[in-house]
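Residues per chain, in single letters:
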Amino acid sequence: MVFSLGGYAGQLLHIDLTREKIRKVELSEADCKRFIGGRGMDAKILFDSVSPGTNPLGPGNVVCISTGPITGLLGPTAGRVNVASKSPLTGIYGNSNAGTNFGPEIKYAGYDGIVIRGRAKKPVYISIDDDNVEIRSAKHLWGEGVFETTYRLQEENNGYDTRVAAVGPAAEKGILFGSVIFDFWDAAGRTGIGSVIASKNLKAIAATGTGELRVADPDRYWEVAKEGWQGVLDEPGFKTGEHSSLGTNVCVGWANAQGWLATRNYQESVFEGADLISGEEFRDKFSTKATPIPGGRACMSCPNRCKRFGRIEKGKYAGTKGNIEFEGVGAFGSKCGVSDMEAVFHAYMLANDYGMDCISCGNSIALFMELTELGILTKKDAGGLDLRFGNADAMVEMVHQIGTLKTKLGKLGATGTKRAARKIGKGASKYETTIKGMETIVCDPRASKGFGFGYAVGSRGSDHLRAHPVFEMLRIPKEVGEEIFGSGESTTQETYGGKVNMVVWHENVGAITDSMGTCRFMHASYYAGYPIPEMLAKSKGRKDAHSIKYHDWISAATGMDLDYYGMLEIGDRIINLERALNVRFGIRRKDDTLPRRFIEEPLPSGPAKGQTFPEERLNKMIDRYYKIRGWDLKTGLPHKRKLINAGLEDVAKDLGERKLLAKK
């Protein structure tokens, strides 16, 4: 049967590095209808291909790099790509998502994704030039940083038209949180997929595509895309231009004012130096163009331009250049108590060039700083570094030590904070803040309850981007929260009412956007996606409201018969598939929790002063979440009936044979 759905390229590249075999395999229409693409399709491939005992850094692990049916098309934010594998950092389902031109490029070359198996005998890279796909030597690139690797592969292939996905020397040396960097600065940073790629002796993928894509209903697609664009242009937050002018680092001032900016390894949630590492500070010091759009970069077909580009022109960090993002600033700035913007910017670009997740790296350094101040680590342990909060030079040096794995402490940091704390001992584990083995982002869950609950149940670990419920931070009218999530408390971050329903909805829609190939900001930050604009208009007594209607968008592109509720069902199916994958890797209810610091230690100051996330409250919320998801309240295992009703009969059969279904 010839592949008939629109939007897709219609085939996957399967590459076995051990056997040096390249196959082009037609995409399954049935799986497209069940999982859309991207993140959903990757989870299915991993479920079918990776056994529970697979070594994440062994040749038996599988890497998926996937797009969705909207990737590469017209419409707001159509430039996302997903990477997935069994994570070396957490030992469970690992994936990350990036905004980049690499995803559209492989679509134009004729592929919806790349599935990589095995391990090459010597360092290689993959060259994709439309139909011509080759495995080439990367001996000359091994050990090089991401930036140099990208430059050289563009020179060796089709110049700037070549898009590059590369891993850095930290991943080559065995760091557990290696990232995949697309086109110099766009990172799929979390869970260590870059380390899996490097373990396969694969340095990079260089892609050039000149083909076309078709949609099922061009006239309808055009109307749906225009409606989506208008929904973004009408959104009040977008109209301010702050995100485009300042990038994601606009969140520093916002986070500090609301009291959730993780500071000094989560001891506090307000930072006295926030103004010095803010989006405004970066714009004024390092922008390469004049305001109001100072050097902003955008993913394909994106009006937002949130990639804030800058350059340091003089001083000891002269020549540093690249994208700045909020999480990197939080990781090397407030979490480490560092208010030197030049040092923070430089540390972040070093992390990119070494090819390591800035969040995990920054958290490791912040942990070491707290342990130093507590006397658990000594100056001798740190190789003579004065590793205390606020020491910018020591922070930058630790990035080097972790990225090169040359020192004892650098090697510890390269394993992630959970392993490092256990190795250090002396009570150090009390001060690390991982969930399911992955480090927490810059939003303190004591101050933002929806975010915190999302961390606890997230399928890849401590994670804001499984839910990303910014809804609670925007002071949306309470009647909107009441109508959509069952409680007006869903519109305030310090409260608990409606938060489970809110997280479930955000997770479901997030699974859809990650699978179709669009950006999370549009449905969770701007809330330009249906039904939020309609509800906001209604609360103001208006009837007219433009919005992004993801179900119509997918339907017009692919030809699938899909409505809003059917779309949410697919999102729920993807979440259940990820849970099934994780229970095979050993995840149970005990793993859906928060670190003790967030449960037991009240915040000492700021708007959320005195707040914790009480364990009793968390457990009640998990009970409700499990009931909605169809998982067993005691174990967290899925019920057979739920999986079958979700269209996952094959998954239910597999878990049943492994005795991993909930007991009746």
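Residues numbered from 1 in each chain as written. Predicted model: local features only at pLDDT ≥ 70, side-chain atom pairs only at ≥ 80, totals over all residues. Heavy atoms only, no water.

**Student:** Whenever I open this one, the overall build of the chain confuses me. Can you help?
**Tutor:** When helices and strands are tallied, the chain shows 27 helices and 17 strands. When the backbone C-alpha atoms are referred to their principal axes, the chain occupies close to 65 × 60 × 60 Å. Relative to its full complement of 664 residues, the chain shows a buried share of 67%. In the chain, of all internal contacts separated by at least 6 residues, the share reaching a separation of at least 24 is 69%. Summing over all exposed atoms, the chain offers an accessible surface of approximately 23,200 Å²; the carbon and sulfur share of this is 50%. In the chain, 89 side chains carry a positive charge and 80 a negative one; their mean positions are 6 Å apart. (Helix = DSSP H or I, 4+ residues; strand = E, 2+ residues; numbered from the N terminus. Buried < 20%, exposed > 50% of the residue type's maximum accessible area, 1.4 Å probe, protein only. Contact = heavy atoms within 4.5 Å. Areas by Shrake-Rupley, 256 points an atom, 1.4 Å probe, with all protein chains shown as cover. Lys, Arg positive; Asp, Glu negative; His and termini not counted. Charge placed at Lys NZ, Arg CZ, Asp CG, Glu CD.)

**Student:** Help me understand the pattern of salt bridges, please; the structure alone is not making it clear to me.
**Tutor:** Where side chains of opposite charge bring their charged atoms close, a pairing between them can arise. Overall, the coordinates contain 49 salt bridges when judged by the stated rule. Between Arg-596 and Glu-600 there is a salt bridge; the shortest N-O distance is 2.9 Å. Placement of both Arg-596 and Glu-600 in helix H24 (residues 596-600) is noted, with a separation of four residues, approximately one turn of the helix. For Arg-596, a relative accessible area of 38% gives the class partly exposed. Where salt bridges share partners, they join Arg-39, Arg-460, Asp-463, Arg-466, Asp-514, Arg-520 and Glu-578 into one cluster. (Salt bridge = Lys/Arg side-chain N within 4 Å of Asp/Glu carboxyl O.)

**Student:** Can you help me understand helix H7 (residues 218-234) in this one?
**Tutor:** One turn of the α-helix equals 3.6 residues, which is why residues spaced by three or four share an orientation. Helix length check: H7, at 17 residues, gives a terminal C-alpha distance of 24 Å against a target of 24 Å (1.5 Å per residue), a fit within 8%. Residues of H7 that are buried sit in contact with helix H8 (236-239) and helix H22 (550-558). (Expected span 1.5 Å × (residues − 1).)

**Student:** Explain the side chain of Thr-433 to me, please; I cannot follow it from the model alone.
**Tutor:** Tracing the backbone shows Thr-433 in the loop between helix H17 (417-424) and strand E16 (434-435). Given a relative accessible area of 3%, Thr-433 falls into the buried group. Here Thr-433 is in contact with Tyr-266, Asn-363, Met-438, Glu-439, Thr-440, Pro-595, Arg-597 and Phe-598, once residues within four sequence places are set aside.

**Student:** I'm lost on the state of the cysteines in this one. Help?
**Tutor:** Disulfides are covalent bonds that link the sulfur atoms of two cysteine residues. Applying the stated rule across the entire model yields zero disulfides. Here Cys-299 is not disulfide-linked; the sulfur of Cys-302 is the nearest cysteine sulfur, at 6.0 Å. Look at Cys-299 and you get buried, because its relative accessible area is 16%. Here Cys-519 stays free of any disulfide, with the sulfur of Cys-302 as its closest cysteine sulfur at 6.2 Å. The class for Cys-519 is buried, based on a relative accessible area of 11%. (Disulfide = S-S within 2.5 Å.)

**Student:** Whenever I open this one, helix H10 (residues 251-258) confuses me. Can you help?
**Tutor:** Every buried residue of H10 is listed here: Cys-251, Val-252, Ala-255, Asn-256 and Gln-258. Among the structural elements, helix H12 (326-332) are those in contact with the buried residues of H10. After H10 finishes, the residue Gly-259 shows a positive phi value of roughly 85°.

**Student:** For this particular structure, what's the right way to read the sheet that holds strand E3 (residues 63-66)?
**Tutor:** The pairing of strands in a sheet comes from backbone hydrogen bonds and takes either a parallel or an antiparallel form. Read from one edge of the open sheet, six strands run E2-E1-E6-E3-E4-E5, paired in mixed fashion. The open sheet is flanked by strand E2 (21-26) and strand E5 (93-99), the only strands paired with a single partner. Across this sheet, the average inter-strand angle for adjacent strands is 15°, counted without regard to direction. Inspection of the sheet shows strand E1 (residues 11-16) paired to E2 by six bridges, in the antiparallel sense. By the bridge assignment, Leu-12 is partnered in E2 with Val-25. Strands E1, E3, strand E4 (80-86), E5 and strand E6 (113-117) of the sheet are contacted by helix H2 (residues 38-49), whose axis makes an angle of about 20° with E4. (Pairing = 2+ DSSP bridges. Axes fitted to C-alpha atoms, helices over the stretch in contact; angles between N-to-C directions.)

**Student:** Just checking my understanding: could you explain the environment of Glu-313 for this structure?
**Tutor:** Mapped onto the elements of the fold, Glu-313 is located in the loop between strand E14 (307-311) and strand E15 (321-324). Glu-313 sits in the exposed class, given a relative accessible area of 59%. Measuring from C-alpha to C-alpha, the distance between Glu-313 and Arg-23 comes to 47 Å, with 290 residues separating the pair along the chain.

**Student:** Please clarify how the domain arrangement of the chain should be interpreted in this entry.
**Tutor:** Frequently, the measure chosen for interface size is the accessible area removed from exposure when the parts meet. Looking at the chain, the domain boundaries give domain 1 (11-207), domain 2 (248-435) and domain 3 (449-657). The centre of domain 1, based on its C-alpha atoms, is set 27 Å off from the matching centre of domain 3. Counting residues at the interface gives 39 residues for domain 1 and 39 residues for domain 3. Between domain 1 and domain 3, roughly 3,300 Å² of surface is buried when both sides are summed, and carbon and sulfur atoms account for 65% of that area. If you look at where domain 1 meets domain 3, you find four salt bridges. Of the charged contacts in the structure, one is a salt bridge between Arg-34 and Asp-650, with a shortest N-O distance of 3.2 Å. Our enumeration of links across domain 1 and domain 3 arrives at 18 residue pairs in polar contact (both at pLDDT 80 or more). (Domains from an automatic or database assignment. Buried area = accessible area lost by both parts, 1.4 Å probe. Polar contact = N/O pair within 3.5 Å; in protein donor to acceptor, adjacent residues only side chain to side chain.)

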